[in-house]
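Residue-level structural notes
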Amino acid sequence: MDPEFVLADTGALLDRLFRRAADYLDETPSREVEDAPALYTKVVGVTFNGRQDAVASLHPGDRLRLVREPANAHDPHAVRVVGPDGRDLGYLRAQLAGRLSPSIDVGARYHATVMAVTGGGDRTLGVNVFLERDDAGTPPADGVPVRTGGDARPRPSLQAVGGRPSLELNEGRPWPAATAAAFRAMAGGRSVVLALPPGCGWAAALAGAAALNLRDGSCVLLVAPLRRQVYHRTDQLRSRLARLGVRVLPVHGLQGLREREQVVAALRSGEVDVVVASAEVVDEDWVMMHADRISAVLIEAGSGACRIPQLADRPVCVVAAPAASGALERLCPGAEVVCDAPLRTGLRVVDRRGAPDRDAALEEVIGKDEKVVVYAAGREECVQLAQHLRGQGDGRTRRVGYLHGGLPARVRQIVAQAFREGRLDVLVATAALDEEALPSDVRDVLIASLPADRARFLEEFGGAGFGARPVTVTPLFGADEMAARRRALVGRAPDREVLAAIYRELRRWRGDAAWVWPDDGTWAHLSGALPDLPRSAVDGAMAIFEEAGLATREIVLGRSEVQLLPALRRDLGTSLRYREGRRERDAFEEFAQWALRASGFELLQAAAGQGGAS
């Protein structure tokens, strides 16, 4: 089965989206999986077709082969796992294969090592494996294209830019006058502040500015406020700059040390063209250590102050929301200020915050038979809402799709395209939706969950509300979400209270002795002692303890051997992960407190760019 046919045919696309929805619900960011240098996973399907005998013959340390199966009738993203003797062992789990296969298909290579054979006796045998991304030129696994020189993609076609970014970066439309003026300033070596409404050309402008400043042997630095924006802008730039062969890498404080070191190595060697870095990373003086490699600095303003790297003779482009001229000038002293500040006069707000029956409110809007986008906070909620809405209607068939960050990048592109072309009537989406892909004929925007921060709230409108026909915004979020959202944030980067609880319990349990993570026994002990602890918080705690000098870690086959050190008077603020997590929590709390208390009129003012959350 041709994967492109499955994605391009609306019926086949929707069937696949809902039939295989559970495969893509892992909350690990898609980009973190695709860029990770190593992964720990299990082989699935080991009980079929006599595979138990093949599994029984394995030993820890055995090397396995990975075979892509793009013609697999059940899953065009399938990756088969083959033993050293050539016998089939099973497959990578579908959600992992769905994320890795697009990278594999353009040249990434992985090799697998047996960690352990599990089960035995009355239990079915299983196999745990360690996947490592091979960027050093070792022989490829069967079915994986050979890469030469580390990366087979072409270098950016710098001459194609020619001082004016291609209109393809703006979906073939002419560049707005303000954006074109900003490009002319940068082409002349000058710095510029470009003021645009959030969601209305930011991504296109950043992609154009990046293309304009590509140089052989150097890279463009894009500074984004927080982890969410880092991944969002990375995906947008990769999509827009793909035709130029541009290599874009994200770096932020919630990554592991090894991932950040890989970005540094790529920058040093000239193997990256655009680095998207969080403001916390830039504040670490990380940029100045490699200043000679940077040809220009792009900055997405918002979510707190961001220090602009001062790089002599290299232009800076700050993209910001419209504001008073004095405020814009202060963003980058001495820069040329270009402003395009149209008002969203076509928006109206129907305030349904805290509605006792959110589903009924959703169904009421869906019943109007207009094109609708619904925003959800997480992947599971996104899918659940889409499944619910798909089953509604009085005999009509409303074509409902969903889009979240767990779907492979190519699938996300096709879903967004189907919505733009009118092949989908309702799209339920998370922040993974490219806000600039929203079609002009959307008539209802439903905000079913609290946005992550102020910037995201404004992004969700995209280009809606500038036309003659009104667009209705219906906020449906409520205070009952706060506990779950805080728990998710703590899971990524634990706060001081959670870190102290984990540290005390581990010291009480293990003392000075080393222990292993991830490990079911360790988790059983911690979850028993700290019942409300998210498992992901332990991952974050280990990284913070290491960065703050509270622990040492040695990674062996994807698991960490950890030894705690005496706490003494360690400063958690020395941990980049801790600081960035704290700022992410602060951004959410600041916005949530405003969004839950503001009047409907204040919400409308903010959405229209007239104050409030701007």
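Computed from a predicted model, the values in this text were never measured in an experiment. (Residues numbered from 1 in each chain as written. Predicted model: local features only at pLDDT ≥ 70, side-chain atom pairs only at ≥ 80, totals over all residues. Heavy atoms only, no water.)

**Some words on the overall build of the protein chain**
Formally: Secondary structure elements are taken from DSSP: a helix is a run of H or I of four residues or more, a strand is a run of E of two residues or more, and numbering for both begins at the N terminus. Each residue's exposure class comes from its accessible area (1.4 Å probe, protein chains only) as a fraction of the maximum for that residue type: buried when under 20%, exposed when over 50%, partly exposed otherwise. Contact definition: two residues touch when any of their heavy atoms are within 4.5 Å. The accessible surface values rely on the Shrake-Rupley method and a 1.4 Å probe; as for residues, cover is taken only from the protein chains in view.
Check the secondary structure of the protein chain and you find 22 helices and 22 strands. For the protein chain, buried positions account for 54% of its 614 residues. A fraction of 73% describes how many contacts in the protein chain between residues 6 or more apart in sequence connect residues 24 or more apart. Surface exposure of the protein chain reaches about 25500 Å², of which carbon and sulfur atoms provide 50%.

**Points about the confidence of the model for the protein chain**
Selection rule: Confidence scores per residue from the predictor, reported as pLDDT, run from 0 to 100.
Mean pLDDT over the protein chain: 84, with 88% of residues reaching 70 or higher. Low pLDDT (under 50) marks residues 157-162, which in the prediction has seven contacts with non-local residues, meaning those over four places away or in another chain.

**Section: unusual backbone geometry**
Residues tryptophan 517 and proline 518 are joined by a peptide bond in cis, for which omega reads 0 degrees. One non-glycine residue, asparagine 49, lies in the positive phi region at around 55 degrees. Here asparagine 49 shows up in the loop between β1 (38-44) and α4 (51-56). Judged by its relative accessible area of 70%, asparagine 49 falls in the exposed class. At aspartate 369, a position not held by glycine, the phi torsion is positive, near 65 degrees. Tracing the chain through its elements places aspartate 369 in the loop between α13 (358-366) and β15 (372-375). Residue classification places aspartate 369 among the partly exposed positions, given a relative accessible area of 46%.

**Quick notes on the environment of leucine 389**
Assignment of secondary structure puts leucine 389 in helix α14 (residues 379-390). According to the relative accessible area criterion, leucine 389 is buried, its value standing at 1%. Leucine 389 sits twelve residues away from glycine 401 along the chain, and the two C-alpha atoms are 9.4 Å apart. Ignoring anything within four residues of it in the chain, the contact list for leucine 389 reads Leu362, Ile366, Val374, Val400, Val426 and Val428.

**Here's the deal with the environment of lysine 42**
Position of lysine 42 relative to the elements: it lies in strand β1. Take lysine 42: its relative accessible area is 52%, and that puts it in the exposed class. Between the alpha carbons of lysine 42 and valine 117 there is a distance of 10.0 Å; along the sequence they are 75 residues apart. The residues touching lysine 42, leaving out its near neighbours within four places in the chain, are Tyr91, Arg93, Val127 and Asn128.

**Quick word on the sheet that holds strand β17 (residues 426-429)**
Using the following cut-off: Paired strands, as defined in this entry, are two strands with at least two bridges between them according to DSSP. Axis geometry follows a simple rule: fit a line to the C-alpha atoms, using only the stretch in contact for helices, then measure angles between N-to-C directions, giving values from 0 to 180 degrees.
Here six strands make up an open sheet; going across it, the order is β14-β19-β18-β15-β17-β16 and the pairing parallel. One side of each edge strand has no neighbouring strand; the edge strands of this open sheet are β14 (347-349) and β16 (400-403). Sheet twist, expressed as the mean angle between neighbouring strand axes with direction ignored, is 20 degrees. Bridge count for β16 against β17 is four bridges, and the pairing is parallel. By the bridge assignment, leucine 403 is partnered in β17 with alanine 429.

**Describing the sheet that holds strand β6 (residues 123-133)**
Around the barrel, which closes on itself, the six strands sit in the order β1-β4-β3-β2-β5-β6 with antiparallel pairing between neighbours. Adjacent strand axes in the sheet meet at a mean angle of 40 degrees when their direction is disregarded. By the bridge criterion, five bridges tie β1 to β6 in an arrangement that is antiparallel. Along β6, the bridge assignment pairs alanine 38 with glutamate 132.

**Quick notes on the packing of aromatic side chains**
What counts, and what does not: What counts as a ring pair is set by centres within 6.5 Å for rings of Phe, Tyr and Trp (its six-membered ring), and what kind of pair is set by the plane angle: stacked under 30 degrees, edge-to-face over 60, tilted for all other angles.
Overall, the coordinates contain eight aromatic pairs when judged by the stated rule. Between phenylalanine 457 and phenylalanine 461, the aromatic rings sit 5.3 Å apart at their centres with planes inclined by 85 degrees, giving edge-to-face as the arrangement. Phenylalanine 457 gets classed as buried once you look at its relative accessible area, which sits at 3%. By way of ring pairs, the aromatic residues Phe457, Phe461, Phe591 and Trp594 are connected into one cluster.

**As for the nonpolar core**
Nonpolar side chains in soluble globular proteins tend to end up buried together. Applicable threshold: Only buried residues count toward a nonpolar core. Its members are Ala, Val, Leu, Ile, Met, Phe, Trp, Tyr and Cys residues joined through side-chain atoms within 4.5 Å.
Membership of the largest hydrophobic core comes to 63 residues, with the highest contact counts inside it found for Leu17, Val374, Tyr402, Val428, Leu433 and Val445. Of all the elements, helix α15 (residues 409-420) adds the most residues to this core, at six residues. Setting aside residues up to four positions removed in sequence, leucine 433 forms contacts with His232, Val373, Tyr375, Leu403, Ala416, Leu427, Leu438 and Arg456. Listed in part, the 37 residues of the second largest apolar core include Leu169, Ala207, Val230 and Leu244.

**Some remarks on helix α21 (residues 576-597)**
Put simply, the rule is: Helix span is expected to be 1.5 Å times the residue number reduced by one. Any pair of nitrogen or oxygen atoms within 3.5 Å is treated as a polar contact; in protein, a donor-acceptor pairing is required on top of that, and neighbouring residues in sequence qualify only through side-chain atoms on both sides.
Taking 1.5 Å of rise per residue, 22 residues should cover 32 Å, and α21 covers 32 Å from first to last C-alpha, within 8% of that figure. The N-cap residue of α21 is serine 575: its side-chain oxygen and the backbone nitrogen of arginine 577 are 3.4 Å apart.

**With respect to the pairing of β16**
The line we're drawing: A crossover gets the label right-handed when its path from the first strand over the helix to the second runs clockwise, viewed with the strands pointing away from the viewer.
Covered by surrounding structure in β16 are Val400 and Tyr402 together with Gly401 and Leu403, the residues of both alternating faces. The parallel pair β16 and β17, bridged by α15, forms a crossover whose chirality is right-handed.

**A look at the pattern of salt bridges**
Pairing is possible between side chains of opposite charge, provided their charged atoms come close. The line we're drawing: Any carboxyl oxygen of Asp or Glu that lies within 4 Å of a side-chain nitrogen of Lys or Arg is treated as forming a salt bridge with it.
All chains considered together, the criterion is met by 38 salt bridges. One salt bridge in this structure joins arginine 240 and aspartate 434, with 2.7 Å as the shortest N-O distance. Of this pair, arginine 240 sits in helix α9 (residues 227-241) while aspartate 434 is found in the loop between β17 and β18 (444-447), placing the two residues 194 residues apart along the sequence. One exposure class covers both arginine 240 and aspartate 434, and it is buried. Among the salt bridges present, the one from glutamate 584 reaches arginine 492, with a minimum N-O distance of 3.4 Å. Taken together, the residues glutamate 584 in helix α21 and arginine 492 in helix α17 (residues 482-492) connect sequence positions 92 residues apart. Overall, the relative accessible area of 28% leaves arginine 492 in the partly exposed class. Through salt bridges with shared partners, a single network forms among Arg228, Arg233, Glu300, Glu435, Asp453, Arg456, Glu459 and Glu460.

**Let's talk about the packing of helix α8 (residues 202-212) against α9**
We apply this condition: Left-handed describes a crossing whose near helix is turned anticlockwise from the far helix by less than a right angle; the clockwise case is right-handed.
Running from amino to carboxyl end, α8 crosses α9 at an angle of 60 degrees, the nearest separation of the two axes being 10 Å. In the crossing of α8 with α9, the sense of the turn from one axis to the other is right-handed. Contacts from Trp202, Ala203, Ala204, Leu206, Ala207, Ala210 and Ala211 of α8 reach α9 at Arg233, Gln236, Leu237, Arg240 and Leu241.

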